[in-house]
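Understanding the architecture of this molecule
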Amino acid sequence: MRVIIARNYDEMSKWAANYVASRILEFNPTAEKPFVLGCPTGSSPLGLYRQLIKLYEAGKISFRNVVTFNMDEYVNLPEEHPESYHSFMWTNFFSHIDIRKENVHILNGNAKDLKVECENYEKAIEAAGGIDLFMGGIGPDGHIAFNEPGSSLSSRTRVKTLTTNTIQANCRFFDNDVTKVPKQALTVGVGTVMAAREVLIVCNGPQKSRALHHIIDDGVNHMWTASALQMHEHGIIVCDEEACVDLKLSTYQYFMDKQTLEGALPQYIDKF
């Protein structure tokens, strides 16, 4: 697992966006062979999306031959609801780039048969050739997508009941009223994420420091589902200094020394 420690949120977002853009450009996607990108929602990736939009507006990258699969969506929340993940993605990313609508895949939380919807989502990923790079964030309890603590690390796309902690964390988007927050979501599984050829996680702020400690310092644990990234051959965590306050000093120093030696931070900060 590779860990990149940026000085702040903006630097973290720029590094991550430049890395993703570089991977797409190196792939040189075509309509017949598109680059398949996994997309998260939440506050942490917003800076990443803003930086990718800047690269598109500057003519550095195109998303015309990129196919996307989102991580999750609430159950029984209308797609047009401002807090649906359909709305989130089109408001914060897709509407600002040249991606083709038919290349966007987001789970339908209002499907008549949610189990079939999840099964078909996995089939669609397989039909697309698998995900080349899955971007993601983590929750304060170390969950990835909506794979709450206790989720199977081999899980695939399914219906998931949200924990009280997740509902409380998300109620800020629903007028701070927990009764308005959906109690279930459709989510890709940990196994779905781990099947991607690369995984890049962004993690920022002191509220994520405890989770980052468990994900990096401790072993793989289904109670901190993002810790499965330790088992991925090409897993990257990009974090800011504030998220590192609970890391062991030796861990922090090791990754800082490693990125200084390799010139890893300027490698993508100064890429474009």
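This is a predicted model, so every value here is computed, not measured. (Residues numbered from 1 in each chain as written. Predicted model: local features only at pLDDT ≥ 70, side-chain atom pairs only at ≥ 80, totals over all residues. Heavy atoms only, no water.)

Quick look at the nonpolar core now. Counting 50 residues, the largest nonpolar core has Trp15, Leu52, Phe63 and Phe93 as the members making the most contacts within it. No other element matches the nine residues that helix H1 (residues 9–27) contributes to this core. One finds Val190, Ile201, Leu212 and Trp224 within the second-largest nonpolar core, a separate group that totals 41 residues. (Core = buried A, V, L, I, M, F, W, Y, C linked by side-chain atoms within 4.5 Å. Buried < 20%, exposed > 50% of the residue type's maximum accessible area, 1.4 Å probe, protein only. Helix = DSSP H or I, 4+ residues; strand = E, 2+ residues; numbered from the N terminus.)

All right, on to the pattern of salt bridges then. Enumeration over the complete set of coordinates arrives at eight salt bridges. Of the charged contacts, one joins Glu26 and Arg23 as a salt bridge, the two residues approaching to 2.9 Å between their closest N and O atoms. Residue Glu26 and its partner Arg23 are located together in helix H1, separated by three residues, close to a single helical turn. The class for Arg23 is partly exposed, based on a relative accessible area of 22%. For Arg23, the salt bridge identified is with Glu198, shortest N-O distance 2.8 Å. One end of the pair, Arg23, is in helix H1; the other, Glu198, is in strand S9 (residues 198–203), and 175 residues separate them in sequence. Here the residues in one salt-bridge network are Arg23, Glu26 and Glu198, joined through shared partners. (Salt bridge = Lys/Arg side-chain N within 4 Å of Asp/Glu carboxyl O.)

Running from N to C, helix H2 (residues 46–57) and helix H3 (residues 85–92) cross one another at 40 degrees; their axes reach a closest spacing of 10 Å. One element, H2, and the other, H3, form an angle in the oblique class. Residues Leu46, Tyr49 and Ile53 of H2 form the contact with H3, whose own contacting residues are Phe88, Met89 and Asn92. Grouping the constituent residues of the contact of H2 with H3 by class yields five nonpolar, one polar and no charged. (Axes fitted to C-alpha atoms, helices over the stretch in contact; angles between N-to-C directions. Parallel < 35°, antiparallel > 145°, perpendicular 65-115°, else oblique. Contact = heavy atoms within 4.5 Å. Nonpolar A, V, L, I, M, F, W, Y, C, P; charged D, E, K, R; others polar.)

A separate point is the sheet that holds strand S4 (residues 72–74). Read from one edge to the other, the open sheet built from three strands follows the order S4-S8-S7, with strand pairing classed as antiparallel. One side of each edge strand has no neighbouring strand; the edge strands of this open sheet are S4 and strand S7 (158–161). Strand-to-strand, the axes of this sheet are offset by a mean angle of 30 degrees, without reference to chain direction. Judged from the four bridges that link them, S7 and strand S8 (residues 184–187) form a sheet pairing that is antiparallel. Bridge pairing in S8 links Val159 to Leu186. (Pairing = 2+ DSSP bridges.)

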